[in-house]
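Report on the structure
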Amino acid sequence: EAMEFIASNRDKPFFCYASFFDPHDPYNDYPVSMEEKVDESKLMNIIPGPENWCDMPEGIQREHFNGYLGCAEDLSQEALHSIRLGYYASVAFIDKQVGRILSTLEELGLRDDTLIIYTSDHGDMLGDHSLLAKGAFFYEPCTKVPLILNSPDLEKSSFGRSAALVQGHDIAATILSYAGISESEFRGLMPESIDLHTSIKNCAASEQRSAVCLYRGTSIDSTK
């Protein structure tokens, strides 16, 4: 549908939002052919959990003992391996589909005239820190999500990784700015947001900000 939308709007400005539900639990609904794209030798590099759960914040204890996927420590190595294989196989499948969209832009001669943003809303613990699912507090596997920006407005010298902190509403500001909305206008609506082009070009300034994360017990089984 994304490819068809782009083709039908090739002669005018367009905004296309392509959302993929997976990777997500249950983890077994992926094309089996994607398993060969996963390096299974690295799947079980799991970050260990705490030695004493009583010393952990209440939220993490609740996620561990009352998660809707059960307790990670009760899962066998085979079960954890299956979960992690399914997750990364789904990631490989998304890679393939995003590649098809990029190929469409290339074939239509739009690749060099299109702002492309790739990101996610959250990660997944997958057994790291003896936690499962997506709501497990502020560990990096949940909060440090991918964000890739490819823009005609950036010089090749800007390509690479940035250590700047960014947040979801920066994506909205970036798109609005690219569409011609002035900084004063989008800042009036989102005063804490910044255009990511600015962040990339002036990393030192963007490093002064803070990142805000929300925890609301998403993975807790409400029946327990």
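This is a predicted model, so every value here is computed, not measured. (Residues numbered from 1 in each chain as written. Predicted model: local features only at pLDDT ≥ 70, side-chain atom pairs only at ≥ 80, totals over all residues. Heavy atoms only, no water.)

1. Comments concerning the side chain of S151
- Its location among the elements puts S151 in the loop between β2 (147–150) and α5 (168–178).
- The class for S151 is buried, based on a relative accessible area of 5%.
- In this structure the side chain of S151 is engaged in a polar contact, spanning 3.0 Å, whose partner is the backbone nitrogen of D153.
- In this view, S151 contacts L115, Y178 and H197; residues no more than four positions away in its chain are not counted. (Helix = DSSP H or I, 4+ residues; strand = E, 2+ residues; numbered from the N terminus. Buried < 20%, exposed > 50% of the residue type's maximum accessible area, 1.4 Å probe, protein only. Polar contact = N/O pair within 3.5 Å; in protein donor to acceptor, adjacent residues only side chain to side chain. Contact = heavy atoms within 4.5 Å.)

2. Side note on the packing of aromatic side chains
- Applying the stated criterion across every chain, the model contains 3 aromatic pairs.
- With a centroid separation of 6.3 Å and an interplanar angle of 85 degrees, the aromatic rings of F5 and F14 are classed as edge-to-face.
- Taking relative accessible area as the criterion, F14 reaches 26% and is therefore assigned partly exposed. (Phe/Tyr/Trp six-rings, centres within 6.5 Å; stacked < 30°, edge-to-face > 60°.)

3. Some words on the state of the cysteines
- This model, assessed by the stated rule, comprises 0 disulfides.
- For the unlinked cysteine C71, the closest cysteine sulfur is that of C54, found at 13 Å.
- The exposure class assigned to C71 is buried, which follows from its relative accessible area of 14%.
- Take C213: it sits in no disulfide, and the sulfur closest to it among the cysteines is that of C142, at 9.9 Å.
- With a relative accessible area of 43%, C213 lands in the partly exposed category. (Disulfide = S-S within 2.5 Å.)

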